[in-house]
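Residues per chain are reported as follows:
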Amino acid sequence: IEYQWWKGNNTTTILSTTNSLVFPNFNPVTHNGVYYVRISYPDNPSSCLNQVLSYTINADTTLPNAGQGGSFSYCGTQNTVDLNTLLQGTFDTDGVWTETSNSGTLSGNFWNSSNVAFGSYSFTYRVDGDCGVFDEAIVNITIKEIPNAPIASSNTIICETKELNLFATTIPNVTYNWVGPNGFSSSVQNPTIENISSLNNGIYMVNVVLNDCPSEP
């Protein structure tokens, strides 16, 4: 038995001479159409096997769209995060979220970060189309630690020295931010204000910043 495959009216371009027609990299945009196969039995021209069959391929030409992912950082846990809100641009809503990290708290498109450890987490949104075609978007989330608030204090007797010495408890790897009256600011852990006057009266506050995450003052 002999076979000849062609597409549409192009009978001169034979696509296959076997009993199957294979598309190694199927693309519905270029491969949709009507295909014909001529089956011939040379030893018997009058055989019922001698015929031309047709098959129409009409796959969905709309390619799957998962949108665009991105990387996001948060200071402290964020309770439940809707991962769909982190996708950029338009996207198909019939995709599936999977986690490629190990928090184990993903449910559908909602990730519960309430009790996860500080660190990085990764998620993949996949939209499947026809014939194995798919699109993916990757979202990376980093949960950063909020440092403890420092405890502020000062020297109690300042009349003799006319210096105000401010102190903040030590917190490793942080940046200190002091603010106070008369436009005072400092990034030193324990700053000193010399030649003080009544302009320096008031409340002084300090907080710390760790990896861009500020503490409470």
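Before reading further, recall that the structure is shown in the block above.
What counts and what doesn't
Residues numbered from 1 in each chain as written. Predicted model: local features only at pLDDT ≥ 70, side-chain atom pairs only at ≥ 80, totals over all residues. Heavy atoms only, no water. Pairing = 2+ DSSP bridges. Helix = DSSP H or I, 4+ residues; strand = E, 2+ residues; numbered from the N terminus. Axes fitted to C-alpha atoms, helices over the stretch in contact; angles between N-to-C directions. Buried < 20%, exposed > 50% of the residue type's maximum accessible area, 1.4 Å probe, protein only. Contact = heavy atoms within 4.5 Å. Core = buried A, V, L, I, M, F, W, Y, C linked by side-chain atoms within 4.5 Å. Phe/Tyr/Trp six-rings, centres within 6.5 Å; stacked < 30°, edge-to-face > 60°.

Chemist: An account of the sheet that holds strand E11 (residues 152–154) is needed here, citing residue identities and associated values.
Modeler: If you trace the 3 strands from one edge of the open sheet to the other, you get E11-E12-E15, paired in antiparallel fashion. Looking at which strands have only one partner, the edges of the open sheet turn out to be E11 and strand E15 (192–194). Here the average twist between neighbouring strands, direction ignored, is 20°.

Chemist: I'd like a rundown of the side chain of Asn200, residues and numbers included.
Modeler: As for its placement among the helices and strands, Asn200 is situated in the loop between E15 and strand E16 (205–210). On the basis of relative accessible area, Asn200 is assigned to the buried category, the value being 13%. Residue contacts for Asn200: discarding those within four places in its chain leaves Pro181, Asn182, Ile193 and Asn195.

Chemist: Provide a residue-level description of the nonpolar core, including the pertinent values.
Modeler: Counting residues in hydrophobic clusters, the biggest one holds 16 residues, and the most contacted among them are Leu83, Trp97, Trp111, Phe123 and Ile141. For this core, the elements supplying multiple residues, two or more each, are strand E9 (119–128) and strand E10 (134–144). Each residue touching Trp111, except ones within four places of it in the same chain, is listed here: Asn79, Thr80, Val81, Leu83, Ser103, Thr105, Leu106, Val116, Tyr121, Phe123, Ile141 and Ile143. Ranked by size, the runner-up nonpolar core spans 13 residues in total, among them Leu166, Trp178, Phe184 and Leu210.

Chemist: Quick one: what's the story with the packing of aromatic side chains, residue by residue and with numbers?
Modeler: By the definition in use, this model includes 8 aromatic pairs. Arranged with centres 4.9 Å apart and planes meeting at 40°, the rings of Trp97 and Tyr125 form a pair that is tilted. Placement of Trp97 in strand E6 (residues 96–99) and of Tyr125 in strand E9 is noted, with a sequence separation of 28 residues between them. With respect to burial, Trp97 and Tyr125 carry one shared label: buried. Summarising the aromatic geometry, the rings of Phe184 and Tyr204 are spaced 5.6 Å apart at their centres and angled 70° between planes, so their arrangement reads as edge-to-face. Of this pair, Phe184 sits in strand E14 (residues 184–186) while Tyr204 sits in the loop between E15 and E16, and the two are 20 residues apart along the sequence. Judged by relative accessible area, which is 15%, Tyr204 ranks as buried. Every member of this aromatic cluster is reached through a ring pair, and the members are Phe23, Phe26 and Tyr35.

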